[in-house]
Amino acid sequence: MPNEMLIANRIENLSYNDPNVWLSTTVGVSYDTDIETALAIVREAAQSVPRVLHSPGPSAVLDAFGDSAINITVGYWIADPENGTLGVRGQVNLAIWHALKQHDIEIPFPQRVLQWAPGQEGAPFAAPLPKATQPQSPRRAEPDDAGD
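Definitions and limits used
Residues numbered from 1 in each chain as written. Predicted model: local features only at pLDDT ≥ 70, side-chain atom pairs only at ≥ 80, totals over all residues. Heavy atoms only, no water. Core = buried A, V, L, I, M, F, W, Y, C linked by side-chain atoms within 4.5 Å. Buried < 20%, exposed > 50% of the residue type's maximum accessible area, 1.4 Å probe, protein only. Helix = DSSP H or I, 4+ residues; strand = E, 2+ residues; numbered from the N terminus. Contact = heavy atoms within 4.5 Å. Expected span 1.5 Å × (residues − 1). Polar contact = N/O pair within 3.5 Å; in protein donor to acceptor, adjacent residues only side chain to side chain. Pairing = 2+ DSSP bridges. Arc of directions from axis to C-beta.

Asks: Just checking my understanding: could you explain the nonpolar core for this structure?
Replies: Nonpolar side chains in soluble globular proteins tend to end up buried together. Residues Val29, Val42, Ile72, Val92, Ile96 and Leu100 are the most contacted members of the largest nonpolar core, which totals 25 residues. At the level of elements, strand S1 (21-29), helix H2 (35-47), strand S3 (70-78) and helix H3 (86-102) are the ones that each hand at least two residues to this core. With 7 residues, H2 is the largest single contributor of residues to this core. Among all residues touching Val42, those that are not within four sequence positions of it are Val27, Ala60, Ile72, Val74, Ile96 and Leu100.

Now the structure itself:
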């Protein structure tokens, strides 16, 4: 928040009015996934965590089309932020992971394909590699080697 707003405007901290806190986490699923099914699975997994509120219940949305995955964001409410948020976020993530594995839905990892044109410098397997040479043992400099 800019300092000017703090000085010139009235600021109201809404967290004092409602103890409930909204949290979210994002997971990527394979492009081969039935998205409607994945959204339902992720919602149900978040709902299975005891600290996640049933009303309002979790919501899951297709958030973005990533390089390697379709990103799903699940939002959920908790009533006890004073007990910390990392633990509940970890429980939600673990529940999502188990649920996706149970339904054989892949969480892809980034993959990159590198291609070289034939004959291009640095192309693998474009030319035979030179034979390895044995390292020479270091030699002490003799007086006539030093140019004396």
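Next, the rest of the story.
Asks: When you look at H2 in this model, what are you seeing that I'm missing?
Replies: Each full turn of the α-helix corresponds to 3.6 residues, which orients residues three or four apart in the same direction. Compared with the 18 Å implied by 1.5 Å per residue over 13 residues, the 18 Å span of H2 between its first and last C-alpha is a close match. Within H2, burial applies to Ile35, Ala38, Leu39, Ile41, Val42, Ala45, Ala46 and Gln47. Residues of H2 that are buried sit in contact with S1, strand S2 (59-65), S3 and H3. Between the side-chain oxygen at the start of H2 and the backbone nitrogen of Glu36 there is a gap of 3.3 Å, and the oxygen is on Asp34.

Asks: Could you clarify how one ought to interpret the side chain of Thr73 in this entry?
Replies: When you line up the elements, Thr73 lands in strand S3. Only 3.0 Å separates the side chain of Thr73 from the side chain of Thr26, close enough to count as a polar contact.

Asks: Is there a simple way to explain the pairing of S2 in this structure?
Replies: In this structure, S2 lies alongside S3, joined through 6 bridges in antiparallel fashion. Along S3, the bridge assignment pairs Ala64 with Asn71. Hairpin connection, S2 to S3: the antiparallel pair is bridged by 4 residues.

Asks: Teacher, can you tell me more about H3 here?
Replies: Over its 17 residues, H3 extends 24 Å from the first C-alpha to the last, a length consistent with the 24 Å expected when each residue adds 1.5 Å. Taken as a whole, H3 has its buried residues at Val88, Val92, Ala95, Ile96, Ala99 and Leu100. Along the axis of H3, the buried residues cluster in a sector spanning 130°; they form a single face. The exposed set on the far side of H3, more than 90 degrees from its buried face, consists of Leu86 and Lys101. Immediately downstream of H3, the backbone of Asp104 shows phi near 55°, a positive value.

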